[in-house]
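Tertiary structure, described
For reference, the chains in residue letters:
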Amino acid sequence: MLVVSLIAFVMFRFVGDPVDQMVGLETTLEERAKLREQLGLNDPLPVQFWNFVSKAAQGDLGISYQFKRPVAVLLSERLPATLELSFVSALFALLAGIPMGVYTALRRESFLSKLFLTVSLIGISLPTFLIGILLIFIFSVNLQWLPSFGRGQVVDLGWWTTGFLTVSGLKALILPSITLGLFQMTLIMRLVRSEMLEVLRTDYIKFARARGLKDRAIHFGHALKNTLIPVITITGLQLGSIIAFAIITETVFQWPGMGLLFLQAVQNVDIPIMSAYLLLIAFLFVAINLIVDLLYVVVDPRIRIGGAEA
Amino acid sequence: MSDALLSVRDLVVEFPTRKGILTAVDSVSFDIGRGEVLGVVGESGAGKSMTGSAIIGLIEPPGHIAGGSIELAGERIDNLPLEAMRKVRGKRIGMVFQDPLTSLNPLYTIAEQLIETIRTHLKLSERDARERAIGLLDEVGIPAASRRIDDYPHQFSGGMRQRVVIALALCAEPELVIADEPTTALDVSVQSQIIDVLKNMCAEHGSSVMLITHDMGVIAEAADRVAVMYAGRLAEIGPVRDVIQDARHPYTKGLMGSIPTLMHDSDRLTQIPGSMPRLTDIPPGCAFSPRCPKAFDRCFSVQPACERHEDREVACLLYDEGGRP
């Protein structure tokens, strides 16, 4: 986190003089100097860095040059949109990816498995924006079933705006989350498939068969649980990147999330937003990894008891 | 032999490969009586484990039973539909594998695995199944069974895990237990304990045992009869004492000669020259003929059948009337 905050800070500091961005052409030199003093830009670098980090830790991420509003407020307005999108697409990736992976592992020779594998190859190789545009073309332009942009109607819960509670909000979620989740889904499917094949070859599966357990119990009880450990790791990492790389999907669908905000910030050299975004994503990555590590303990008894004894 | 529990006749197991069909088990016939312990010895790749897998119906594809029949208590089990065979596994035939470290699922407690198996085969409530599981663990010699039953496999030592595996194999009172090298992966010091546990458990529960091993010491200690396998075929089968003291087949003789004894003060152990042929190029005639010190002309062209001579069956032309040189 500290390293990322340093990078964010350095970016903040060296990508041009912020004052030039903020003031108009007619501003006098004195006014510029005053503003500079006000922003603390004349302090030595380590002091500036310390100020940046300590303020960031308190949730104060500076003021956007572009909107003249606190960055923290801007981000928190946009955060629910991105998190909802990421959450739904991760859910989609898991709910579709795991059963497909299990199916292709158990029925390796069937036509449907081969179809899934072919489709997954497409999912892996097609770039996200192309999938998004294709989906818009088919479902919004030709069939006119689903909206092509925006979040639809949202319900404001005070600190959180949600699209889950309205029909148009839910409809608006479908296309972007499929776009965002498709790559993850194929990844999860292939991972589940290969892990499952691996697990099915192990001795304890053979022994479970020799004990005459039912196929269902063997496949979904014994094999799947062992398969899920590596899947949790990858899903955790992928959830981070879903949030981080929602940028492209948000652009294609004009989704009012953080990614879109970030892109606008880049266009306008709005460095506080950029660095705050960077920090936030880093924070989410760290948080998700922590959750994944904690989940391990729940799933794998070897870690749980080993940790307790040590 | 209608009183036999298990009756294997002319069993052939084949593996189709790119180089042609491999015959892993080649017309093997034997019986196991009720309550009897049959030891099966042979080198790696002699087809011992494959015979065991064939009986319980768990040959890995693309391998398959290509001929012969397997009867359990007079009922053919080699061609049962999958679901019917599943009910035989665990319920009527139990199996113990070589490596206790990998044969238990690491993510479930011993209790979960035992209760699951018991309830798959017997109509018992969760609580009764647990009682039964604790009783079994107690029988196989796990101290404080009622407390340890909720532990995970990795909390047990290798020997203890193999005891658990034996409890699992026996939990539905199977008529036959196939133990595939149950002591190979264990410390020498626990090997004999495990063999004792296996032998006593099966004796108490009235199960017959097919004990697959390459350790003649284990066979001598635990088995009633012994079958010697070589290159997928049976070489000799008979009562343990007789086979050990008076081996008929030259391969068995070589095998016995390679066991160190305390009685004889010999400098060198005898060894059989050469090594077992690969399954791809088994010689015509007797598979052992190229290595056999007593081989004569016909051995290289005629494949000997396993024939009964007094109390045992031997597949060797030396004992074939009229076949001798």
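In this text, all values refer to a predicted model and were calculated from it rather than measured experimentally.

A tally of regular secondary structure across chain B gives 10 helices and 12 strands. Relative to the 2.2 N^0.38 estimate, which gives 20 Å for 325 residues, the radius of gyration of chain B is 21 Å and therefore close to what a compact globule would have. By its C-alpha atoms, chain B is 70 × 50 × 40 Å across when sized along the principal axes. Here chain B, with 325 residues, has 54% of them falling under the buried criterion.

Residue and element names in this part refer to chain B. Here 10 bridges tie strand E1 (residues 4–17) to strand E2 (residues 20–33), and the two strands are oriented antiparallel to one another. Residue pairing across strands places Val-8 opposite Phe-30, the latter belonging to E2. The hairpin formed by E1 and E2 contains two residues between the paired strands.

Judged by nonpolar contacts, the single largest core of 100 residues is most densely connected at Phe-30, Ile-55 and Leu-137 of chain B. In contact with Phe-30 of chain B, not counting residues within four places along its chain, are Leu-6, Ser-7, Val-8, Arg-9, Leu-38, Thr-51, Ile-55, Met-210, Leu-234 and Ile-237 of chain B.

This part takes up the environment of Ile-134 of chain B. Residue and element names in this part refer to chain B. Along the polypeptide, Ile-134 turns up in helix H4 (residues 126–139). With 10 residues separating them along the chain, Ile-134 and Ala-144 place their C-alpha atoms 9.2 Å apart. Ile-134 has contacts with Ala-145, Ser-146 and Ile-149, leaving out every residue within four places of it along the chain.

What follows is about the packing of helix H6 (residues 158–170) of chain B against helix H7 (residues 188–205) of chain B. Residue and element names in this part refer to chain B. Between H6 and H7, the shortest axis-to-axis distance is 10 Å and the interhelical angle comes to 15°. Between H6 and H7, the crossing angle belongs to the class labelled roughly parallel. The element H6 and its partner H7 pack so that their crossing is right-handed. Judged by residue contacts, Gly-159, Gln-162, Arg-163, Ile-166 and Leu-170 of H6 engage Gln-193, Ile-194, Val-197, Leu-198, Met-201 and Cys-202 from H7.

The subject of this paragraph is the packing of helix H3 (residues 110–121) of chain B against H6 of chain B. Residue and element names in this part refer to chain B. In the contact formed by H3 and H6, the axes pass within 9 Å of each other and the chain directions differ by 20°. Compared by their axis directions, H3 and H6 come out roughly parallel. The crossing of H3 and H6 is right-handed. The segment H3 lies against H6, with Ile-110, Gln-113, Leu-114 and Thr-117 engaging Val-164, Ala-167 and Leu-168. Grouping the amino acids of the contact of H3 with H6 by side-chain chemistry returns five nonpolar, two polar and no charged.

Moving on, we get to the sheet that holds strand E10 (residues 233–239) of chain B. Residues and elements named next belong to chain B. Read from one edge to the other, the open sheet built from eight strands follows the order E6-E7-E8-E3-E9-E10-E12-E11, with strand pairing classed as mixed. At either end of the open sheet lies a strand with only one pairing partner, and these are strand E6 (93–96) and strand E11 (307–309). Strand-to-strand twist of the sheet, defined as the mean angle between neighbouring strand axes without regard to direction, takes the value 20°. In this structure, strand E3 (residues 37–41) lies alongside strand E9 (residues 225–230), joined through four bridges in parallel fashion. Directly across from Val-40, in E9, lies its bridge partner Ala-227.

Once that is clear, we can look at H4 of chain B. Residue and element names in this part refer to chain B. Taking 1.5 Å of rise per residue, 14 residues should cover 20 Å, and H4 covers 20 Å from first to last C-alpha, within 8% of that figure. Of all the positions in H4, only Ala-129, Ala-133, Ile-134, Leu-136 and Leu-137 are classed as buried. Down the axis, H4 shows its buried residues gathered within 160° of arc, on one side only. Facing away from the buried side of H4 by over 90 degrees, the exposed positions are Arg-127, Glu-131 and Asp-138. Close packing links the buried residues of H4 with H3, helix H5 (145–148), H6 and H7. Following H4 by one or two positions, Gly-141 adopts a phi angle in the positive range, close to 85°.

Working note: α-helix, 3.6 residues per turn, so residues spaced by three or four point in the same direction. Regarding helix H12 (residues 258–267) of chain A, the residues found buried are Met-258, Gly-259, Leu-260, Leu-261, Phe-262 and Ala-265 of chain A. Close packing links the buried residues of H12 of chain A with helix H5 (71–106), helix H10 (215–244), helix H11 (246–252) and helix H13 (271–299) of chain A.

Take the interface of chain A and chain B next. Residue-level contacts link 23 residues of chain A with 27 residues of chain B. A buried area of about 2,300 Å², summed over both sides, lies between chain A and chain B, and 60% of it is on carbon and sulfur atoms. Area buried by chain A at its contact with chain B is led by Lys-206, Phe-207 and Arg-211 of chain A, which between them contribute 28% of it. Across the contact surface, chain A and chain B share zero salt bridges. Our count for the contact surface shared by chain A and chain B stands at 10 residue pairs in polar contact (both at pLDDT 80 or more). Among the elements of the structure, helix H9 (203–210), H10 and helix H14 (301–309) of chain A are those that each provide at least two residues to the side of chain A that touches chain B. Per-element tally for the side of chain A that touches chain B: the top contributor is H10 of chain A, with seven residues. When grouped by side-chain class, the residues that make up the side of chain A that touches chain B number nine nonpolar, four polar and 10 charged.

Residues and elements named next belong to chain B. Overall, antiparallel pairing links the four strands, which are arranged E2-E1-E4-E5 in an open sheet. Strands with a single pairing partner mark the edges of an open sheet, and in this sheet they are E2 and strand E5 (75–76). Inspection of the sheet shows E1 paired to strand E4 (residues 64–72) by seven bridges, in the antiparallel sense. Its bridge partner lying in E4, Val-13 is registered against Ile-65.

Let's shift gears to the pattern of salt bridges. The final tally for this structure, using the stated rule, is 17 salt bridges over all chains. In this structure, Arg-201 of chain A engages Glu-198 of chain A in a salt bridge whose closest nitrogen and oxygen atoms are separated by 3.4 Å. On the basis of relative accessibility, which here comes to 46%, the residue Glu-198 of chain A falls in the partly exposed class. With a closest N to O distance of 2.8 Å, Arg-92 of chain B and Glu-175 of chain B form a salt bridge. Taken as a pair, Arg-92 of chain B in the loop between helix H2 (82–88) and E6 and Glu-175 of chain B in the loop between H6 and strand E7 (176–180) lie far apart in primary sequence, 83 residues in all.

All names here are of chain B. On average, residues of chain B score 84 in pLDDT, and 94% of them are at 70 or above. When pLDDT is averaged over each helix and strand of chain B, the minimum, 78, is found for E11 and the maximum, 91, for strand E8 (residues 208–212). The complex prediction reports pTM at 0.74, with the ipTM value standing at 0.76.

A few words now on the packing of aromatic side chains. Summed over all chains, the structure comprises six aromatic pairs over all chains. Between Tyr-230 of chain B and Tyr-251 of chain B the ring centres are 4.5 Å apart and the planes differ by 55°, which places this aromatic pair in the tilted class. Taken together, the positions of Tyr-230 of chain B in strand E9 and Tyr-251 of chain B in helix H10 (residues 250–257) put the pair 21 residues apart, joining distant regions of the chain. Take Tyr-230 of chain B: its relative accessible area is 4%, and that puts it in the buried class. Relative to Phe-288 of chain B, the ring of Tyr-230 of chain B has its centre 5.1 Å away and its plane inclined at 85°; by these criteria the two rings are edge-to-face. Of this pair, Tyr-230 of chain B sits in strand E9 while Phe-288 of chain B sits in the loop between H10 and E11, and the two are 58 residues apart along the sequence. Of the two residues, Tyr-230 of chain B and Phe-288 of chain B, both sit in the buried class. Put simply, the rings of Tyr-230, Tyr-251 and Phe-288 of chain B pair up and form one aromatic cluster. Over the ring of Tyr-108 of chain B we find Lys-225 of chain A, and its NZ or CZ is 4.6 Å from the ring centre. One residue, Arg-148 of chain B, lies across the ring of Phe-156 of chain B, its end atom 4.1 Å from the ring centre.

Each value, and the rule that gives it
Residues numbered from 1 in each chain as written. Chains lettered and ligands numbered in written order. Predicted model: local features only at pLDDT ≥ 70, side-chain atom pairs only at ≥ 80, totals over all residues. Heavy atoms only, no water. Helix = DSSP H or I, 4+ residues; strand = E, 2+ residues; numbered from the N terminus. Rg over C-alpha atoms; globule rule 2.2 N^0.38 Å. Buried < 20%, exposed > 50% of the residue type's maximum accessible area, 1.4 Å probe, protein only. Pairing = 2+ DSSP bridges. Core = buried A, V, L, I, M, F, W, Y, C linked by side-chain atoms within 4.5 Å. Contact = heavy atoms within 4.5 Å. Axes fitted to C-alpha atoms, helices over the stretch in contact; angles between N-to-C directions. Parallel < 35°, antiparallel > 145°, perpendicular 65-115°, else oblique. Left-handed = near helix turned anticlockwise from the far one by under 90°. Nonpolar A, V, L, I, M, F, W, Y, C, P; charged D, E, K, R; others polar. Expected span 1.5 Å × (residues − 1). Arc of directions from axis to C-beta. Buried area = accessible area lost by both parts, 1.4 Å probe. Salt bridge = Lys/Arg side-chain N within 4 Å of Asp/Glu carboxyl O. Polar contact = N/O pair within 3.5 Å; in protein donor to acceptor, adjacent residues only side chain to side chain. pLDDT = per-residue confidence, 0-100. Phe/Tyr/Trp six-rings, centres within 6.5 Å; stacked < 30°, edge-to-face > 60°. Lys NZ or Arg CZ within 6 Å of the ring centre and 35° of its normal.

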